[in-house]
Amino acid sequence: MLLFAQFSFGQAVNDNAIIPVSVTLNSILRLTVVSGGNIEFVVNTIDDYTSGINTGGTDVRYHTIFTVSSSQDFDVTLRSEEDDLLGQDNTVNVLDGANVGYDLTGGAGEDGTNWDLPATIEGLSATPVTVVSGIAANAAGDAVQNRFVIQWRLGTQEGNMVKTSLLAQSNPADRYVTNVFLELSSK
């Protein structure tokens, strides 16, 4: 009987377990050029020399469409490799990069309150220009939300472009080239 009394007055045994919980957030920061990855202007009429090509930026042949998928708010900058476009037939020939201009729009149906785009037409330069500035807590998202169109033009003298016509500049005939970089960075 004494033996049974000890068991009935003993304390209950507690059992516990530790469950580690972790969360891994992988950063997603992806820029994709969907179309218009090679822009080629061919100037072959006097009207092209005097008025330029793609005034207003409406011709889709001179559009670059890119998307951003990002898990964080982001900025996109655009810059050319050099301030000038360099001649390919004769390397001493140069064309002021600001003869090439661009502006940006968001794609159809996207919420334009997610980011700020430049308000003017910029001339191409080696100095980075922020072309998409994500607004805090809104810019992160997928490629559908963050779709942009660069509307290129040449010699139209709009906005911050060179204010002299290609005809008045009297550049030698050549194929002028530069590389343009779109750079995506998280905020």
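Residues numbered from 1 in each chain as written. Predicted model: local features only at pLDDT ≥ 70, side-chain atom pairs only at ≥ 80, totals over all residues. Heavy atoms only, no water.

### Quick notes on the overall build of the protein
The test is simple: The helix and strand labels rest on DSSP assignments: H or I over at least four residues marks a helix, E over at least two residues marks a strand, and numbering proceeds from the N terminus. When a residue's accessible area, from a 1.4 Å probe over protein chains only, is under 20% of the maximum for its type it is buried; when over 50% it is exposed; and in between it is partly exposed. Throughout, a contact is declared for two residues whenever any of their heavy atoms are within 4.5 Å. Where accessible areas are quoted, they stem from the Shrake-Rupley method and a 1.4 Å probe; at the residue level, only the protein chains shown are allowed to cover.
Along the backbone of the protein there are three helices and twelve strands. Going through the 187 residues of the protein one by one, you find that 35% of them count as buried. Taking the contacts inside the protein whose residues are at least 6 apart along the sequence as the reference set, 79% of them involve residues at least 24 apart. When the accessible surface of the protein is split by element, carbon and sulfur atoms take 53% of a total near 11300 Å².

### A closer look at the layout of surface pockets
As a reminder, the rule being used: Throughout, the protein atoms alone are placed on a 1 Å grid, and a set of points is a cavity if a 1.4 Å probe fits but cannot get out or a pocket if it is open with protein on both sides within 12 Å along at least five of seven lines; lining residues have an atom within 4 Å of a point. Grid points are joined across faces, edges and corners, and a volume is the space filled by probe spheres set on the points. Under the grouping applied here, Gly and all other residues not named as nonpolar or charged are polar, the nonpolar ones being Ala, Val, Leu, Ile, Met, Phe, Trp, Tyr, Cys and Pro and the charged ones Asp, Glu, Lys and Arg.
In this structure, the largest pocket occupies an estimated 920 Å³ of space. As for the largest pocket, its lining consists of 31 residues, and the residues nearest its centre are Ile39, Glu40, Phe41, Leu85 and Tyr176. If you list the elements that add at least two residues to the lining of the largest pocket, you get strand 10 (147-154), strand 11 (176-177) and strand 12 (180-186). Among the elements that take part in the lining of the largest pocket, strand 10 stands out by supplying three residues, more than any other. Residues belonging to the lining of the largest pocket are distributed by class as follows: 21 nonpolar, seven polar and three charged.

### A look at the sheet that holds strand 11
Definition in use: Think of it this way: DSSP has to see at least two bridges between two strands before they count as a pair.
The strand order across the open sheet formed by three strands is 5-4-11, and the pairing between neighbours is antiparallel. At either margin of the open sheet sits one strand with a lone partner, and together these are strand 5 (94-96) and strand 11. Of the strand pairs in this sheet, strand 4 (residues 84-87) and strand 5 are connected by three bridges, and their pairing is antiparallel. Across the sheet, the residue bridging to aspartate 84 is aspartate 96, located in strand 5.

### Observations regarding the sheet that holds strand 2 (residues 63-70)
An order of 1-2-10-6-8 is seen for the five strands of this open sheet, with the pairing classed as antiparallel. The open sheet has two free edges, formed respectively by strand 1 (29-35) and strand 8 (122-123), since each of these has just one partner strand. Strand direction decides the pairing type here: strand 6 (residues 100-106) and strand 8, joined by two bridges, are antiparallel. Of the residues in strand 8, the one forming a bridge with tyrosine 102 is glutamate 122.

### A short note on the pairing of strand 6
The buried fraction of strand 6 amounts to five of the seven residues, a majority that puts the element mostly inside the structure. Sheet topology places strand 6 next to strand 10; seven bridges connect them, and they run antiparallel. Residue pairing for strand 10: tyrosine 102 is matched across the bridge by tryptophan 152.

### A short note on unusual backbone geometry
Here asparagine 54, not a glycine, exhibits a phi torsion of approximately 75°, which is positive. Position of asparagine 54 among the secondary structure elements: in the loop between helix 2 (46-51) and strand 2. One non-glycine residue, serine 170, lies in positive phi territory at about 55°. Along the chain, serine 170 turns up in the loop between helix 3 (166-169) and strand 11. A relative accessible area of 61% means that serine 170 is categorised as exposed.

### Re the packing of aromatic side chains
Let me state the cut-off plainly: Only Phe, Tyr and Trp rings are paired, with Trp represented by its six-membered ring, and only when their centres lie within 6.5 Å; those with planes under 30 degrees apart are stacked, over 60 edge-to-face, the remainder tilted.
Under the criterion given, the structure shown has four aromatic pairs. Judged by centre distance (4.8 Å) and plane angle (65°), the ring pair of tryptophan 115 and phenylalanine 148 falls under edge-to-face. With tryptophan 115 in strand 7 (residues 115-116) and phenylalanine 148 in strand 10, the pair connects residues that are 33 residues apart, well separated along the chain. On the basis of relative accessible area, tryptophan 115 is assigned to the buried category, the value being 4%.

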